[in-house]
Amino acid sequence: GESVGLHLPTLSVQEGDNSIINCAYSNSASDYFIWYKQESGKGPQFIIDIRSNMDKRQGQRVTVLLNKTVKHLSLQIAATQPGDSAVYFCADAIGNNNDMRFGAGTRLTVKP
Amino acid sequence: DVKVTQSSRYLVKRTGEKVFLECVQDMDHENMFWYRQDPGLGLRLIYFSYDVKMKEKGDIPEGYSVSREKKERFSLILESASTNQTSMYLCASSERDEQYFGPGTRLTVT
């Protein structure tokens, strides 16, 4: 994941809309990618992961898309709910996860 | 469910004090990690361990040390706390891919 400096990107969506959160990574050798959700006062929680031999993976209401050509990862959340409000961040790693690189995160706010 | 616990949620220490942050995981994971999280900077790896008594430096090890005497426990030590170590500290464990995080310890050094 790529650090975006001191300002945390924000995304505000209406309840029920779809959300798309983007992430860029810099290492073309990265072969494992993961999205985490972090609610206020809690540790990060796993949402979904994907390996470089795939370009799309779906979970429950979430989809991760990987574009290796432009080193871009996105998280799509369908029918966004107030409980989805959190900071979302991506991470990438090569091989095992002992050198996982985290992005700074995007704050998602869901308006009722 | 994997459970990673950290000894304190909030901690306030004075400059120069020695600080111990404890982390325990209950899933027999080989790998354990300590990160600090600062606004806009994401998670930065301080140290990690892939086995008992083994440790590896992460990106920002200066001012910190670690101890892994038992598989389930990974301790982060601030030998002499400084104000620039005020941060959220997150512990994680993993076996292969996904890292499981604890709830974090918010440390304030005054």
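Residues numbered from 1 in each chain as written. Chains lettered and ligands numbered in written order. Predicted model: local features only at pLDDT ≥ 70, side-chain atom pairs only at ≥ 80, totals over all residues. Heavy atoms only, no water.

Colleague: Looking at this structure, I do not really get the overall build of chain A. What am I missing?
Modeller: Each helix and strand in chain A was counted, giving 0 helices and 10 strands. Going residue by residue from the N terminus, the α and β elements of chain A occur as β-β-β-β-β-β-β-β-β-β. Over its C-alpha trace chain A gives a radius of gyration of 13 Å, about what one expects of a compact globule, namely 13 Å for 112 residues. Taken along the three principal axes of its C-alpha coordinates, chain A extends 40 × 30 × 25 Å. For chain A, the residues scored as buried account for 42% of the 112 residues in total. Of the contacts formed within chain A by residues at least 6 apart in sequence, a portion of 55% connects residues at least 24 apart. Carbon and sulfur atoms make up 47% of the accessible area of chain A, which totals about 5,600 Å². (Helix = DSSP H or I, 4+ residues; strand = E, 2+ residues; numbered from the N terminus. Rg over C-alpha atoms; globule rule 2.2 N^0.38 Å. Buried < 20%, exposed > 50% of the residue type's maximum accessible area, 1.4 Å probe, protein only. Contact = heavy atoms within 4.5 Å. Areas by Shrake-Rupley, 256 points an atom, 1.4 Å probe, with all protein chains shown as cover.)

Colleague: Looking at this structure, how should I read the pairing of strand E3 (residues 19–25) of chain B?
Modeller: One face of the sheet, then the other: side chains in a regular strand alternate in exactly this way. Residues and elements named next belong to chain B. Of the two faces of E3, only one is covered, namely that formed by Val19, Leu21, Cys23 and Gln25; the face formed by Phe20, Glu22 and Val24 stays uncovered. As judged from the 3 bridges shared by strand E1 (residues 4–6) and E3, these two strands associate in the antiparallel manner. Opposite Gln6, over in E3, you have Cys23 as the bridge partner. (Pairing = 2+ DSSP bridges.)

Colleague: Can you help me understand the sheet that holds strand E6 (residues 62–67) of chain A in this one?
Modeller: For sheets, the rule is that strands pair by backbone hydrogen bonds, running either parallel or antiparallel. Residues and elements named next belong to chain A. Strand order in the open sheet made by the 4 strands is E2-E7-E6-E5, with antiparallel pairing throughout. Unpaired on one side and paired on the other, strand E2 (19–24) and strand E5 (56–58) mark the two borders of the sheet. Each strand axis lies, on average, 15° off the axis of its neighbour in the sheet, ignoring direction. Pairing of E6 with strand E7 (residues 72–77), which is carried by 6 bridges, proceeds in the antiparallel orientation. (Axes fitted to C-alpha atoms, helices over the stretch in contact; angles between N-to-C directions.)

Colleague: Is there a simple way to explain the interface of chain B and chain A in this structure?
Modeller: Interface extent is often summarised as the accessible area lost during association of the parts. If you look at the interface, chain B gives 23 residues, while chain A gives 21 residues. Interface area, chain B with chain A, both sides summed: about 1,700 Å², of which 46% is carbon and sulfur. Contact with chain A buries area across many residues of chain B, yet Gly40(B), Asp97(B) and Glu98(B) alone supply 28% of it, more than any other trio. Inspection of the chain B/chain A interface yields 2 salt bridges. Notably, a salt bridge pairs Arg101(A) with Asp59(B), separated by 2.7 Å at the nearest N-O pair. The interface formed by chain B and chain A includes 5 residue pairs in polar contact (both at pLDDT 80 or more). Among the elements of the structure, strand E4 (31–38), strand E5 (42–49) and strand E9 (87–94) of chain B are those that each provide at least two residues to the side of chain B that touches chain A. The residue makeup of the side of chain B that touches chain A, split by class, is 11 nonpolar, 7 polar and 5 charged. (Buried area = accessible area lost by both parts, 1.4 Å probe. Salt bridge = Lys/Arg side-chain N within 4 Å of Asp/Glu carboxyl O. Polar contact = N/O pair within 3.5 Å; in protein donor to acceptor, adjacent residues only side chain to side chain. Nonpolar A, V, L, I, M, F, W, Y, C, P; charged D, E, K, R; others polar.)

Interpretation note: all reported values are geometric properties and have no functional meaning in isolation.
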